[in-house]
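A structural walkthrough
As a plain string of letters, each chain reads:
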Amino acid sequence: MTRRTALVVIAAVATLGATGAAAVVLDDEPDTPPAAAGPAATTTVRRQTLAKSVTVDGELGYGEPVPMKSAAGGSVTWLPKQGRTIESGGTVLRADNRRVVLLTGVLPLYRPLSPGVEGPDVLQFERNLRDLGYGGFTVDDEYSAATARAVRTWQKKLALPRTGTVTSAWVVVATGTIRVAEHKVRVGDPASGEVLTYTGAAAVVTVDAEADAADWARPGAKVSVTLPDGSKTPGTVTHVGAKATAEQGKDPTVPVTIKLRDPKAGGGLREAPVEVTYTGEQRRNVLSVPVAALVALAEGGYGLQVVEGGATRYLPVRVGMFADGRAEVSGDGLADGMTVGMPA
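Below, the structure is looked at part by part. (Residues numbered from 1 in each chain as written. Predicted model: local features only at pLDDT ≥ 70, side-chain atom pairs only at ≥ 80, totals over all residues. Heavy atoms only, no water.)

Time to look at the overall build of the chain. When you go through the chain residue by residue, the secondary structure sums to three helices and 19 strands. For the chain, with 344 residues in total, the buried portion stands at 38%. Here the contacts in the chain between residues at least 6 apart in sequence split such that 65% fall between residues at least 24 apart. Approximately 18300 Å² of the chain is accessible, and the part contributed by carbon and sulfur atoms is 50%. (Helix = DSSP H or I, 4+ residues; strand = E, 2+ residues; numbered from the N terminus. Buried < 20%, exposed > 50% of the residue type's maximum accessible area, 1.4 Å probe, protein only. Contact = heavy atoms within 4.5 Å. Areas by Shrake-Rupley, 256 points an atom, 1.4 Å probe, with all protein chains shown as cover.)

This is the structure we're talking about:
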C-alpha cells in the first residue's frame, strides 16, 4: 500500500514563495507608526477544527471470499455459475438432484428444527419462512405444528420430502444475499464439506492499512472513496481484520472493509483500483488563517498583517498544523474574527 499523505507543511512554504512574500522587519521602537499602505485583499482569523486528510490505495471488489459448507448427502449434481447472486430461498447446489437452499441470518442451522423446539434459531428460521411468503404460523421462538405445516408446503414446492422438519442436509445459512466466488467441488463430487466460496452481493472497498497507522479504521468510521472516473462517494468502515500480516520487505498491514453508501456508485465495476480518504490528525478549537496570509519575518518565523481602522501592523504568530490550505496560528493579541491581509 502506498500512502499519499498531503505534505501540507511543504505546501505552505511553497505557497509563501509563490505569493512572493518578502521578509518583513518588525521595528521594536514604540514611536514607529504603523504601515500606511493597506493590503490588496483581506481575510479573517477563524476559530475552527483543523483536520488533515490522508489518502490511501484501495481495491473495489466484493471482499474476501468465505467458504460455504454443505451437510447434504450424496453427490453434487448442479452448481450455480460463478458470479451468480443468490438470495434467501435460492438454490446453492443440488445433491442427488435435490435442492440445498439458502436462508439468511447470523446463526447456523446447528440442530434439526421440528415441533417442540424453541430458541433464537427458530425465530430466525420463521422470519425467513415468512419472508418467503409462507404463513399460518406465529413468528416467535417456538417451532409449532403450524410452522411444520408451512414447512411441508415449502418442501412440496422444492420437490423435497414433506417431513415438516428443517435440517442442515438441505438448508445452509449466510448473513445475507451472496455472490458465488469460486467452486470448490465439481459435479459428481461428494456434496458434503466445502462446496464453494462466496462474498456479499454488493461491491465493497478493501484497504490494506498499515498496522501502525490504522487508528482511523474503526467500524462506523466515515471515509470518502475516489472512483476510477474521478468521482467521489461516501463510505463507511464495516470490518477491520484482527490479524496483521506482512509481505517480505513490506510493513505489516491489516485488512479494512468499507461499504459504499450508494451500492450503485461503482457503476457495475467488478474490480478496480480506488483511493480512500480519511481524516487523520485533528486540532480542535484553534485559530486559523489561509496559508497565503502568513508573512515571513526577517528575524525568522511568521507573522500576520493585521488591519485595524484603516491602518496595518505586523503581528508575529506561532504556526501549528497545516490542513486544507489553512494554518493553525497562535500568539499574543490574536483573536477570532480579526482582519488580516493577504499579501499579493
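Here the narrative resumes.
The strand order β4-β8-β9-β3-β5-β6-β7 describes an open sheet built from seven strands, whose pairing is mixed. A strand with exactly one partner marks an edge of an open sheet, and here the two such strands are β4 (85–86) and β7 (171–174). Of the strand pairs in this sheet, strand β8 (residues 178–183) and strand β9 (residues 190–200) are connected by five bridges, and their pairing is antiparallel. Its bridge partner being in β9, Val 180 is matched across the sheet by Tyr 198. (Pairing = 2+ DSSP bridges.)

All right, on to the pattern of salt bridges then. Counting across every chain of the model gives six salt bridges. Residue Glu 182 pairs with Lys 184 through a salt bridge whose shortest N-O separation is 3.6 Å. Given the relative accessible area of 39%, Glu 182 is considered partly exposed. With relative accessibility at 41%, the residue Lys 184 sits in the partly exposed group. (Salt bridge = Lys/Arg side-chain N within 4 Å of Asp/Glu carboxyl O.)

Looking now at the pairing of strand β2 (residues 46–61). Pairing of β2 with strand β14 (residues 272–290) involves 13 bridges; the strand directions are antiparallel. Across the sheet, the residue bridging to Gly 58 is Val 274, located in β14. Bridging between β2 and strand β10 (residues 204–210) involves three bridges; their strand directions are antiparallel. Across the sheet, Leu 60 pairs through a bridge with Val 205, a residue of β10.

For Val 240, the position within the fold is in strand β12 (residues 232–240). Beyond its immediate sequence surroundings of up to four residues, Val 240 is in contact with Ala 217, Arg 218, Pro 219, Val 254, Pro 255 and Val 256.

Further remarks concern helix α3 (residues 145–157). For α3, which comprises 13 residues, the first-to-last C-alpha distance of 19 Å matches the rise-based estimate of 18 Å (1.5 Å per residue) to within 8%. Taken together, the buried positions of α3 are occupied by Ala 146, Thr 147, Ala 148, Ala 150, Val 151, Trp 154 and Gln 155. Contacts from the buried residues of α3 go to β6 (98–104) and α2 (120–131). In the stretch just after α3, Ala 159 is the one whose phi turns positive, near 60°. (Expected span 1.5 Å × (residues − 1).)

Turning our attention to the environment of Ala 242. Tracing the chain through its elements places Ala 242 in the loop between β12 and β13 (253–260). Distance from Ala 242 to Val 256, taken between C-alpha atoms, is 9.8 Å for residues 14 residues apart in sequence.

Membership of the largest hydrophobic core comes to 23 residues, with the highest contact counts inside it found for Val 205, Val 207 and Trp 216. Contributions of two or more residues to this core are made by β2, β10, β11 (222–226), β13 and β14. What Val 205 contacts, discounting residues up to four positions off in sequence, is Gly 58, Glu 59, Leu 60, Val 225, Val 256, Thr 257, Ile 258, Leu 260, Val 274 and Val 276. Core analysis: the next-biggest nonpolar cluster, separate from the first, contains 21 residues, Leu 103, Ala 150, Val 151 and Trp 154 among them. (Core = buried A, V, L, I, M, F, W, Y, C linked by side-chain atoms within 4.5 Å.)

It is worth spelling out unusual backbone geometry at this point. For Ala 159, which is not a glycine, the phi torsion comes out positive at approximately 60°. Relative to the helices and strands, Ala 159 resides in the loop between α3 and β7. On the basis of relative accessible area, Ala 159 is assigned to the exposed category, the value being 62%. Although it is not a glycine, Asp 324 adopts a positive phi angle of roughly 50°.

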